[in-house]
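In case you want the letters, here they are:
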Amino acid sequence: MDAGTAANHEQAERNEGSVNSVESSNFEQFRDDLDAVERRIAGEIDPGVRAMVVAGAVFVLLLSLVLPHAGGARGFDVLLGTEAARMEHIGLPSRIFVWFLVVFGVGFSTLALMTRRWFLAWIAVAGTAITSVFGVFSIWHRQTPGINNYHGAGPAIGLILGTIAAIVLTFHWIRVVWSRTALQLAAEEQRRNASAAAEERDRRRLTGEK
């Protein structure tokens, strides 16, 4: 009788170990899935309604390229270095501003909106911030005398509009990349709960608690 009881007890322990092993395996697979989801979510942005503001600012940046930046030189003239830009004595700050406007304000902002990738949004933030600085510097530069006390045309509507749009774009990109989506927070909470449950289950198995 005692031998039968011992055998039953041993069989129960083996069954419990098998169940625990299956549960542990299932949890490890579940945790791997959670990790993959969390990594994917962490690499994405959710601009929400700000996407419309960002898209509008990008459109304004494009519009500023066809408007005059100084005298008869339009944004595209500054970008391409045409004769109109040379006649207006367009300086280096304005050329850098326009190139940064196209590459970061339009290019990376559009890519970030389309792909919703976190690192592209960060590049857009850094690029548009520098663009804003050069835009303000370009406006100041057009209001100061040049070589041999040359006074060129002052900043035109395209330069001013582009600078304002770059500042607006920088502000909203900063808000987007620093915000954490509800989905990301939910995934992190779910992962913490699952880890806590697994630790508690392992502790009970080791201490023999039911």
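Residues numbered from 1 in each chain as written. Predicted model: local features only at pLDDT ≥ 70, side-chain atom pairs only at ≥ 80, totals over all residues. Heavy atoms only, no water.

## Examining unusual backbone geometry
Not every positive phi belongs to a glycine, and His89 is a case in point at roughly 55°. Relative to the assigned elements, His89 resides in the loop between α4 (83-87) and α5 (92-115). Of note, Arg116 is a non-glycine position whose phi angle comes to about 60°, a positive value. Checked against the element boundaries, Arg116 lands in the loop between α5 and α6 (118-142). The exposure class of Arg116 is partly exposed, given its relative accessible area of 35%. (Helix = DSSP H or I, 4+ residues; strand = E, 2+ residues; numbered from the N terminus. Buried < 20%, exposed > 50% of the residue type's maximum accessible area, 1.4 Å probe, protein only.)

## Here we look at the confidence of the model for the chain
Looking at the chain, pLDDT values average 79 and 69% of them are 70 or higher. For residues 6-13, every residue scores under 50 in pLDDT, and the model assigns this stretch zero contacts once sequence neighbours within four places are set aside. Taken together, the stretch residues 15-20 has pLDDT below 50 and engages in two contacts with residues farther than four places along the chain or on a different chain. (pLDDT = per-residue confidence, 0-100. Contact = heavy atoms within 4.5 Å.)

## Focus on α5
Between its terminal C-alpha atoms α5 stretches 33 Å, which fits the 34 Å expected from 24 residues at 1.5 Å a residue. A bend of about 30° at Leu101 is the largest found in α5. Three or more residues of α5 are buried, namely Pro93, Ser94, Phe97, Val98, Leu101, Phe104, Gly105, Val106, Ser109, Ala112 and Leu113. Summarising the contacts, the buried residues of α5 are in contact with α2 (50-66), β1 (68-70), α3 (75-80), α6 and α7 (157-178). (Expected span 1.5 Å × (residues − 1). Bend = angle between axes of the 7 residues up to and from the residue.)

## Quick look at the packing of aromatic side chains
Applying the stated rule across the entire model yields four aromatic pairs. For the pair Phe104 and Phe108, a centre-to-centre distance of 5.5 Å together with 20° between the ring planes defines the contact as stacked. Taken together, the residues span about one helical turn, with Phe104 and Phe108 both in helix α5 at a distance of four residues. The class for Phe108 is partly exposed, based on a relative accessible area of 22%. Chaining the aromatic ring pairs together yields one cluster made of Phe100, Phe104, Phe108 and Phe134. (Phe/Tyr/Trp six-rings, centres within 6.5 Å; stacked < 30°, edge-to-face > 60°.)

## Here's the deal with the packing of α2 against α5
At their nearest, the axes of α2 and α5 sit 10 Å apart, and the two run at 150° to each other. Put simply, α2 runs roughly antiparallel to α5. When the axes of α2 and α5 are compared, the crossing they make is left-handed. Only Val98, Leu101, Val102, Gly105, Val106, Ser109, Thr110 and Leu113 of α5 make contact with α2, whose side of the interface consists of Ala51, Val54, Ala55, Val58, Leu61, Leu62, Ser64 and Leu65. In terms of residue class, the contact of α2 with α5 is made up of 12 nonpolar, four polar and no charged. (Axes fitted to C-alpha atoms, helices over the stretch in contact; angles between N-to-C directions. Parallel < 35°, antiparallel > 145°, perpendicular 65-115°, else oblique. Left-handed = near helix turned anticlockwise from the far one by under 90°. Nonpolar A, V, L, I, M, F, W, Y, C, P; charged D, E, K, R; others polar.)

## Things to note about the pattern of salt bridges
For the structure on display, the rule yields two salt bridges. Linking Asp77 and Arg74 is a salt bridge whose minimum nitrogen-to-oxygen distance equals 3.6 Å. Among the residues examined, Arg74 registers a relative accessible area of 38% and is labelled partly exposed. The salt bridge involving Glu83 is made with Arg86; its shortest N-O contact spans 2.9 Å. Here Glu83 and its partner Arg86 are both found in helix α4, three residues apart, which amounts to about one turn of the helix. (Salt bridge = Lys/Arg side-chain N within 4 Å of Asp/Glu carboxyl O.)

## With respect to the side chain of Ser132
Within the element layout of this structure, Ser132 appears in helix α6. A residue is classified by how much of its surface remains accessible, and Ser132, at 8% relative accessible area, is buried. Within the local environment of Ser132, its side chain forms a polar contact with the backbone oxygen of Thr128, the two atoms lying 2.9 Å apart. Setting aside anything within four residues of it in sequence, one finds Ser132 in contact with Thr163, Ala166, Ile167 and Thr170. (Polar contact = N/O pair within 3.5 Å; in protein donor to acceptor, adjacent residues only side chain to side chain.)

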